[in-house]
Amino acid sequence: MKRVKIAELLKNSTAEDIGKDILLKGWVRTRRDSKNVVFIALNDGSIIHHIQIVADTEKFDEALLKDITTGSSIAVYGKLVESPGQGQSYEVYADKIELYGKSPADTYPLQKKGHSLEFLREIAHLRPRTNTFGAVLRIRHAMAYAIHKYFNDRGFYYLHTPIVTGSDAEGAGAMFRVSTLDPKNPPLTEDGGVDYSQDFFGKETNLTVSGQLEAELGALALGEVYTFGPTFRAENSNTPRHLAEFWMIEPEMAFYDIVDDMDLAEDFLKYLVQYALDNCLDDLEFQQKMFNKQLIQQLEGIVKNKFKRLTYTEAVKILEKSGQKFEFPVSWGVDLQSEHERYLVEQHFKKPVILTDYPKDIKAFYMKMNEDNKTVRAMDVLFPRIGEIIGGSQREENMEKLQKRCKEMGIPEKDVWWYLETRKFGTVPHAGFGLGFERLILFVTGMANIRDVIPFPRTPKNAEF
Ligand code: 4AD
Ligand code: MG
């Protein structure tokens, strides 16, 4: 007999299926005993809903029934019946139950309901078994699929950019070294430094902080490309919005200017949020009930509202005049903190905001310089609850100007000569952006901490699972 998943069963069953024999497999969420029957709530991860299994105590071996406890895994052969209970349409009368694995009640960490998210982080190997993490991980999957679909439908090509790189794309210097040298006894150069020419790649290499520079190489050949992969930042920022390992989606488009770039970013985010509303409603309703009573309304707000676009300079004026007491004071030239970004989005405009034309000194070397020589053609998309969700820009396509920026920012040309050559041979205006995947999932799921939207979070002092 072929096993049916609970998601298929609940979606596809009709009146004609009542009374049919079926086979379900999954994990026991709860077990409740009444006089002659045991009620088992079974979940198989395919959907947030459990299905109730009704087992007649007379039909089953007492020893078997005893082992059917929270967390144990079973196969159930039985008949589909209409459920008299509220909130469920079907249940299954069990004819035969096979036990795959016990789950001793005295040691199973998820024996009881209602554990804190902090506790669940300590058992990241088991937390996918909870309703919350099931919902988050299914939504995460749906968003990854929607991202590929969005770009594929629009003729963008998925470009796989390297994880190990020899360049620091963002110039932030917060990178994880990749090396096979003996840390206790590395080869040294004459002046006492580590001799990386003897390392595996014959040079200093790190985990990438962004696939952008390589995506640009692709865009300047294929037209419109995107990367979607893990990125790594060794910044010691212990915030609810930063991970040391996170996934980033980076589209890069030839012949786009900054306005085209913003238009794409806005359309892309609206598409993804709408996709979640259309395809993940069961999980979203669960998340709304548990974590954020306004969740679905907030998601609809993204789709409905036109994002407000203004310059960094205008935003700083608004913040200075706001009379708001910020932990970090604002003035022209400072990097905005999430408290400033959220003030603009949540209090002032009450809709998503796209800020443009940031001071050159707080942005990366590759951004296109404006006529004023003070600001660059950058754009950040700011969201409620999140702050910055996307960072992007039009790129400097002029060779001399780009070389000048490299010099000013201390980036040796020998490290990025291959990037510079795209400006030497057939350069074109182009633009792109990076969407932090986990920040998107934070927003869509209504969770508050980025550690709770990735299966195995990597943060300072935390890489156990
Ligand atoms: O603004 P960032 O640093 O931009 C870039 O890396 C560009 N190369 C993107 C591009 O133009 N192709 O990062 C982009 C986004 C941020 O807006 C944020 O959503 C996310 O990546 N992000 C992080 N997410 C989680 N943890 C971190 N430590 C993050 N750092 C950035
Ligand atoms: Mg940024």
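The structure under discussion appears in the preceding block.
Below is a short write-up of the structure. Nothing here was measured: the structure is a model prediction, and the numbers come from that model.

Regarding the packing of helix 4 (residues 131-153) against helix 7 (residues 281-290)
Phase 1: Packing of helix 4 against helix 7 brings their axes to within 9 Å, and their N-to-C directions diverge by 135°. With respect to helix 7, the axis of helix 4 lies oblique. For the pair helix 4 and helix 7, the crossing hand works out as left-handed. For the pair helix 4 and helix 7, the contacting residues are N131, T132, A135, V136, R138 and I139 in the first and D283, L284, F286 and Q287 in the second.
Phase 2: Taken together, the residues of the contact of helix 4 with helix 7 break down into 5 nonpolar, 3 polar and 2 charged.

As for the packing of aromatic side chains
Phase 1: Enumeration over the complete set of coordinates arrives at 21 aromatic pairs.
Phase 2: Here the aromatic rings of F365 and Y419 are separated by 5.9 Å at their centres, their planes lie at 65°, and the arrangement is edge-to-face. Linking F365 in the loop between strand 13 (353-359) and strand 14 (375-383) with Y419 in helix 12 (residues 413-424), this pair joins segments that are 54 residues apart in sequence.
Phase 3: When its relative accessible area of 0% is taken as the criterion, Y419 is described as buried.
Phase 4: Arranged with centres 4.9 Å apart and planes meeting at 65°, the rings of F383 and F443 form a pair that is edge-to-face. Placement of the pair is F383 in strand 14 and F443 in helix 13 (residues 437-445), with a sequence separation of 60 residues.

A word on the nonpolar core
Phase 1: Counting residues in hydrophobic clusters, the biggest one holds 55 residues, and the most contacted among them are M143, L284, V381 and L440.
Phase 2: Top contributing element to this core by residue count: helix 6 (residues 258-279), with 11 residues.
Phase 3: Excluding residues that lie within four positions of it along the chain, L284 makes contacts with I139, A276, L277, L295, I296, L299 and V444.
Phase 4: The next biggest cluster of nonpolar side chains, apart from the first, holds 34 residues, and it includes V316, L319, L344 and L382.

Cut-off values and rules
Residues numbered from 1 in each chain as written. Chains lettered and ligands numbered in written order. Predicted model: local features only at pLDDT ≥ 70, side-chain atom pairs only at ≥ 80, totals over all residues. Heavy atoms only, no water. Axes fitted to C-alpha atoms, helices over the stretch in contact; angles between N-to-C directions. Helix = DSSP H or I, 4+ residues; strand = E, 2+ residues; numbered from the N terminus. Parallel < 35°, antiparallel > 145°, perpendicular 65-115°, else oblique. Left-handed = near helix turned anticlockwise from the far one by under 90°. Contact = heavy atoms within 4.5 Å. Nonpolar A, V, L, I, M, F, W, Y, C, P; charged D, E, K, R; others polar. Phe/Tyr/Trp six-rings, centres within 6.5 Å; stacked < 30°, edge-to-face > 60°. Buried < 20%, exposed > 50% of the residue type's maximum accessible area, 1.4 Å probe, protein only. Core = buried A, V, L, I, M, F, W, Y, C linked by side-chain atoms within 4.5 Å.

On their own, these measurements won't tell you what the molecule is for.
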